[in-house]
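Residue-level structure breakdown
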Amino acid sequence: MRSLLLLASTACAMLSAASASAAAPSATSLASLESDTAALNRVHSVVIAYDGEIIHEIHQGGPGVASPANIKSLSKTVLAAITGAAIEADIIESVDQPMVALFGEHLPRGIDPKVSEITVAHLLAQQAGLERTSGSNYGAWVASDNWVNDAMTRPFVDEPGGQMLYSTGTSHLLSAALTHASGETTHTLAQRLLGDPLNITIRPWLRDPQGIYFGGNDMQLSPRALIEVGELYRNHGLVIDDAGNEQRVLPEGWVEASWQPRGTSRWTGDGYGFGWFITQLADEDVYYGRGYGGQALFVIPEREMTIVITSDPTPPSPGGQFQQRLNGLVEGLLSANAQSLSQ
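Residues numbered from 1 in each chain as written. Predicted model: local features only at pLDDT ≥ 70, side-chain atom pairs only at ≥ 80, totals over all residues. Heavy atoms only, no water.

Time to look at the packing of helix α3 (residues 75-88) against helix α9 (residues 186-198). For the pair α3 and α9, interaxial distance at closest approach is 9 Å and the crossing angle is 70 degrees. Considered as vectors, α3 and α9 are oriented roughly perpendicular to each other. Contacts between α3 and α9 involve Val-78, Leu-79, Ala-81, Ile-82, Ala-85 and Ala-86 from the first element and Thr-186, Leu-189, Ala-190, Leu-193 and Leu-194 from the second. Here the residues of the contact of α3 with α9 are counted per class, giving 10 nonpolar, one polar and no charged. (Axes fitted to C-alpha atoms, helices over the stretch in contact; angles between N-to-C directions. Helix = DSSP H or I, 4+ residues; strand = E, 2+ residues; numbered from the N terminus. Parallel < 35°, antiparallel > 145°, perpendicular 65-115°, else oblique. Contact = heavy atoms within 4.5 Å. Nonpolar A, V, L, I, M, F, W, Y, C, P; charged D, E, K, R; others polar.)

Shown next, in the form of structure tokens:
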């Protein structure tokens, strides 16, 4: 009997601890976040949702929390969501479908036969194997007269499915594949398959010389709209209305597959799945998308939290260290909340 009581007591303690860790951020932790954010002049806004509701907003510059902002490469995370929704809508068969099957007659001439080995999964996980268009190659790529052809005809530097080679050109190939497979623009798909179910507006953004919407950069979403994208993932691809009705937007199992590391960032060491980086902050599993200048979307499932940070997107970039400072804001909030609840 004594051992049973001990087990019961231990179980209750564990449940209590789990409940505390998933509690809403305390006033003390939010005040600390306000102070830490004020020290980062580049940050424009911070929006925090807990258990599906926005509970705190900070606005200290730039567009307001309800106004569209250029989210830069955080667009790759949104593009991954659009791709998942396209699979749920039967526009794409699966992540294993070859990219060339989606392009059909729109494939450029003279491509390496190895291109036929590139799948949708490889594009999502930045594992196409093609030479990168980002970094020092970016300027020449966007100055070319055909972004798709330029990206697809670059030399292979690894096998498809090999190492993670972060490249906006790879994401742009995914946008082109969506366009050719559906007969609709990527923007039309984004609004119909993602924006409408989430009740958010996705404005048109930059297109390439052939009219393909920029895949993986320069999308315009408000911080509050990005919260809805994060919540879609936190709810495993389901939209749940006030009456408790569910609508599946992303395929069953999509979120778990998206948050499975398939490669590793050479700059941070964090894992990378389908449009999401994977890390740990304050001993919690955290999934995040990021963009130039300090644009970030964090989902912390065990804390029932989604956090959006937007910052000044104009050059010069503050570099990767600034992303670590944004991570520090989130880690500080999680740690401060756990500490305040234990007192």
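Our next topic: unusual backbone geometry. Note that the residue after Pro-315, namely Pro-316, is joined by a cis bond; omega there is 0 degrees. With a phi close to 60 degrees, Gln-126 is a non-glycine residue in the positive phi region. Here Gln-126 is to be found in the loop between α5 (120-124) and α6 (138-143). Unlike most non-glycine residues, Asn-199 shows phi in positive territory, near 60 degrees. Here Asn-199 is to be found in the loop between α9 and β4 (220-221).

Taken in spatial order, the eight strands line up as β2-β1-β12-β11-β10-β9-β8-β7 in an open sheet, and their pairing is antiparallel. Two strands close off the open sheet at either side, each with one partner strand: β2 (53-59) and β7 (263-264). (Pairing = 2+ DSSP bridges.)

As a further point, take helix α8 (residues 168-182). The first and last C-alpha atoms of α8 sit 21 Å apart over 15 residues, in line with the 21 Å expected at 1.5 Å per residue. Most of α8 sits out of view: 12 of its 15 residues are buried. Within the sequence span of α8, burial applies to Thr-168, Gly-169, Thr-170, Ser-171, His-172, Leu-173, Leu-174, Ser-175, Ala-176, Ala-177, Leu-178 and Thr-179. Buried residues along α8 sit in contact with α3, α4 (99-103), α5, α6, α7 (147-152) and α9. After α8 finishes, the residue Gly-183 shows a positive phi value of roughly 80 degrees. (Expected span 1.5 Å × (residues − 1). Buried < 20%, exposed > 50% of the residue type's maximum accessible area, 1.4 Å probe, protein only.)

One can describe the packing of α3 onto α8 by two numbers: an axis separation of 11 Å at closest approach and a directional angle of 30 degrees. Put simply, α3 runs roughly parallel to α8. Crossing handedness for the pair α3 and α8: left-handed. Only Thr-168, Ser-171, Leu-174, Ser-175 and Leu-178 of α8 make contact with α3, whose side of the interface consists of Lys-76, Leu-79, Ile-82, Thr-83 and Ala-86. Considered class by class, the residues forming the contact of α3 with α8 number five nonpolar, four polar and one charged. (Left-handed = near helix turned anticlockwise from the far one by under 90°.)

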